[in-house]
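For reference, the chains in residue letters:
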Amino acid sequence: MRALVVRVRSWVCALPLTAVAEIMRALDVRSVPGAPRFVRGLAVIRGAHVPVVDLAALLGVADAQRGARLVSVRAGIRPLALEVDEVLGIRELDPAALEPTPPLLSRALPECVDSLGTLDGQSMALLETARLLPEAAWSALRGAA
């Protein structure tokens, strides 16, 4: 499986390459009242209002630092941008080396963490882009755009 590997604070995360649209510098983001705490707001990407998810906040490692890059992905059929610290590159992942999230951790980690593995001796989380933003959040953001 090919994946785009990114770093967010102490996390290394993999995004299925089939879901990645583009990588860009950080853009201006307009905050949206009532959005979940991990949604920074909306950015205009290619003429459309796209929700921007602070991946550090989603993973529970947020601080005052802002990500340096945005990774535009498809969450199902909808566009979404992820704020990350660094793009590490495209890697070939061995699905056999990935393991389902252990039950104890699955309750503590966000629903979007599909499985865990290692990459170059570091823990890595494989993210499922379709589960990054709950349906209720999409509905709230739709009115703000």
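Residues numbered from 1 in each chain as written. Predicted model: local features only at pLDDT ≥ 70, side-chain atom pairs only at ≥ 80, totals over all residues. Heavy atoms only, no water.

A separate point is the overall build of the protein chain. Check the secondary structure of the protein chain and you find three helices and eleven strands. Its helices and strands taken in sequence order, the protein chain reads β-β-β-β-β-α-β-β-β-β-α-β-β-α from the N to the C terminus. Relative to the compact-globule value of 15 Å for 145 residues, the protein chain shows a C-alpha radius of gyration of 14 Å, a close match. Among the 145 residues that make up the protein chain, the fraction classed as buried is 45%. Contacts in the protein chain between residues at least 24 apart in sequence constitute 58% of all its contacts with a sequence separation of at least 6. Of the roughly 7,500 Å² that the protein chain leaves accessible, carbon and sulfur atoms contribute 53%. Each charge class in the protein chain can be summarised by its mean position, and for the 16 positive and 15 negative side chains these summaries are 6 Å apart. (Helix = DSSP H or I, 4+ residues; strand = E, 2+ residues; numbered from the N terminus. Rg over C-alpha atoms; globule rule 2.2 N^0.38 Å. Buried < 20%, exposed > 50% of the residue type's maximum accessible area, 1.4 Å probe, protein only. Contact = heavy atoms within 4.5 Å. Areas by Shrake-Rupley, 256 points an atom, 1.4 Å probe, with all protein chains shown as cover. Lys, Arg positive; Asp, Glu negative; His and termini not counted. Charge placed at Lys NZ, Arg CZ, Asp CG, Glu CD.)

Turning next to the environment of V61. Tracing the sequence through the fold places V61 in the loop between α1 (55-59) and β6 (69-75). In sequence terms V61 and V8 are 53 residues apart; their C-alpha atoms lie 8.4 Å from each other.

The next subject is the sheet that holds strand β4 (residues 39-45). Strand order in this open sheet of five strands is β3-β6-β7-β5-β4, and the pairing throughout is mixed. The open sheet is flanked by β3 (20-25) and β4, the only strands paired with a single partner. If you compare each strand with its neighbour and ignore which way they point, the axes differ by 30 degrees on average. Looking at chain direction, β4 and strand β5 (residues 48-54) are connected through six bridges and run antiparallel. For I45, the partnering residue across the bridge sits in β5 and is A48. (Pairing = 2+ DSSP bridges. Axes fitted to C-alpha atoms, helices over the stretch in contact; angles between N-to-C directions.)

The next thing to look at is the pattern of salt bridges. Inspection of the entire model under this criterion finds ten salt bridges. Between R40 and E83 there is a salt bridge whose closest N-O contact spans 2.4 Å. Pair noted here: R40 is in strand β4 and E83 is in strand β7 (residues 78-84), with a separation of 43 residues, a long-range link. Judged by its relative accessible area of 4%, E83 falls in the buried class. Residue D54 is joined to R66 by a salt bridge in which the shortest nitrogen-to-oxygen separation is 3.1 Å. (Salt bridge = Lys/Arg side-chain N within 4 Å of Asp/Glu carboxyl O.)

Honestly, it's all geometry; don't read function into it.
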